[in-house]
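Secondary and tertiary structure notes
Residues per chain, in single letters:
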Amino acid sequence: MKAFVLDRYGKKRPLRAAEMPTPELRDDEVLVEVHAAGVNLLDSKIRDGEFKLILPYRLPMVLGHDVAGVVVEAGSRVRQFKPGDEVYARVDDFRIGTFAEFVPVKETSLALKPKNLTMEEAASIPLVSLTAWQALVEKAGLKKGQKVFIQAGSGGVGTFAIQLAKQLGATVATTTSASNAALVKSLGADAVIDYRAQDFEDVLQDYDVVLNSQDGKTLEKSLRVLKRGGKLISISGPPDPEFGKESGAPGFVKLVMRLLSAGIRRRAKARGVGFSFLFMRADGSQLREITSLIEAGAVRPVIDRVFPFASTNEALAYVEAGRAKGKVVIKVK
């Protein structure tokens, strides 16, 4: 099969177009013919070597976490899916590889593709929607009438998280540039802060939840817009001890995580708010809940650009530049 391969870690190192053997299928997996693959900043960070401690992959490897395609083969223990099914998923860590013509996916991580979406639209959904779901529903327990601040509202996670928060009945504030204000308002944002002209810390107060996706300075400021009992959930670090425990990391890695997050955890505690780090995981049952929202027209995909498969490196560079409105997708078939 054709694939884009990472031979060794390196910042902005281009992936190599190559012929690779089709991955071997395990009993609890299906083999998916990839029609489209979503591109995420996570792919760039893994390529750059930023997650070597947390995710020690063996190289060479194929990158790519989001897939939409058709089942071509099912493992002996698979019961929910059969060849010909149109499906989508965020594939599991250590089984990634959607920048290719075929990828194996665990049955428990897979869902039937929303009927009202194209393959390209479906491929844009899994990682960002599961991130938003696990942050707002699972960790924050966001409820009707609460206030949530979602940073970078015009990005991949932001565009989905705003829509999900509105479905949960929350009031939503977000940051974006003036040129993207109309987009985030159309998704349901109630308060839109132009990050170039305003400091969100001067505008927002007494929020129940903050979804942080930015740098350490923004993380610190986020503490100050929360009410006592509020929750700060960060998808950009630093990792906390709970994540170290969940990930089954070696002892020294857990210690590093504890030290990295010690300062922000201490300051959060002093303000009476909670801090947690989220590294989202594949989850087919949650994806089915998201499918229901999509098919009901409650949330919609936001796609900036679709690149041809041959331009996978250009798609990664475009995502890294940080100016995409919504998601970037690679059309494989």
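Residues numbered from 1 in each chain as written. Predicted model: local features only at pLDDT ≥ 70, side-chain atom pairs only at ≥ 80, totals over all residues. Heavy atoms only, no water.

1. Observations concerning the pattern of salt bridges
Charged atoms that come close allow side chains of opposite charge to pair. The condition that has to hold: Any Lys or Arg side-chain nitrogen found within 4 Å of a carboxyl oxygen on Asp or Glu counts as a salt bridge. Strands here are runs of E lasting at least two residues and helices are runs of H or I lasting at least four, both read from the DSSP assignment and numbered beginning at the N terminus. Only protein chains enter the area calculation, which uses a 1.4 Å probe; residues under 20% of their type maximum are buried, those over 50% are exposed, and those in between are partly exposed.
A complete count under the given rule lists 20 salt bridges for this structure. For Lys12, the salt bridge goes to Glu320, with nearest N and O atoms at 3.6 Å. With Lys12 in the loop between strand E1 (2-6) and strand E2 (16-19) and Glu320 in helix H11 (residues 312-320), this residue pair connects regions lying 308 residues apart in the sequence. Note that Asp66 is salt-bridged to Lys327, the shortest N-O span being 3.3 Å. Residue Asp66 is found in strand E5 (residues 66-74), and its partner Lys327 is found in strand E16 (residues 327-331); the two are separated by 261 residues along the sequence. By relative accessible area, Asp66 is classed as buried at 0%. Beyond isolated ion pairs, a larger network of salt bridges with shared partners links Lys11, Lys12, Arg47, Asp48 and Glu320.

2. Observations regarding the nonpolar core
In a soluble, globular protein the nonpolar side chains are often hidden away together inside. Worth spelling out the cut-off: Buried Ala, Val, Leu, Ile, Met, Phe, Trp, Tyr and Cys residues form a nonpolar core when they are joined through side-chain atoms within 4.5 Å. Note on contacts: a residue pair qualifies if any of its non-hydrogen atoms lie within 4.5 Å across the two residues.
One finds Ile46, Tyr88, Phe99, Val148 and Ile290 to be the most contacted residues of the largest nonpolar core, which totals 94 residues. For this core, the element with the most residues is helix H3 (residues 126-139), which contributes 7 residues. Look past the residues within four positions of Val148 in its chain and what remains in contact with it is Leu136, Leu142, Ala165, Ala170, Thr171, Val172, Ala173, Tyr207 and Val209. Formed by 16 residues, the second largest nonpolar core is a distinct cluster that contains Phe149, Leu226, Leu232 and Ile264.

3. Focus: the sheet that holds strand E14 (residues 274-277)
Whenever strands of a sheet pair, they do so through backbone hydrogen bonds, lying parallel or antiparallel. Selection criterion: Any two strands with at least two DSSP bridges between them are considered paired. Lines are fitted to the C-alpha atoms to define the axes, a helix being fitted only along its stretch in contact, and any angle between axes, read from their N-to-C directions, falls within 0 to 180 degrees.
Spatially, E11-E10-E9-E12-E13-E14 is the arrangement adopted by the 6 strands of the open sheet, whose pairing is parallel. Looking at which strands have only one partner, the edges of the open sheet turn out to be strand E11 (191-194) and E14. Between one strand and the next, the sheet's axes are offset by a mean angle of 15 degrees, whatever the strand orientation. Where strand E13 (residues 226-234) and E14 come together, 4 bridges link them in parallel fashion. In the strand pairing of E14, Leu232 is matched with Phe275. Across the sheet, H3 lies against strand E9 (147-150), strand E12 (207-212), E13 and E14, angled at about 150 degrees from E13, the strand it touches most. Of the strands in this sheet, E9, strand E10 (171-176) and E12 touch helix H4 (residues 156-167), which is tilted by about 170 degrees from E9.

4. Digging into the sheet that holds strand E4 (residues 61-62)
Taken in spatial order, the 3 strands line up as E2-E1-E4 in an open sheet, and their pairing is antiparallel. Only two strands of the sheet have a single partner each, and these edge strands are E2 and E4. Of the strand pairs in this sheet, E1 and E4 are connected by 2 bridges, and their pairing is antiparallel. Counterpart to Val5 in the pairing with E4 is Val62.

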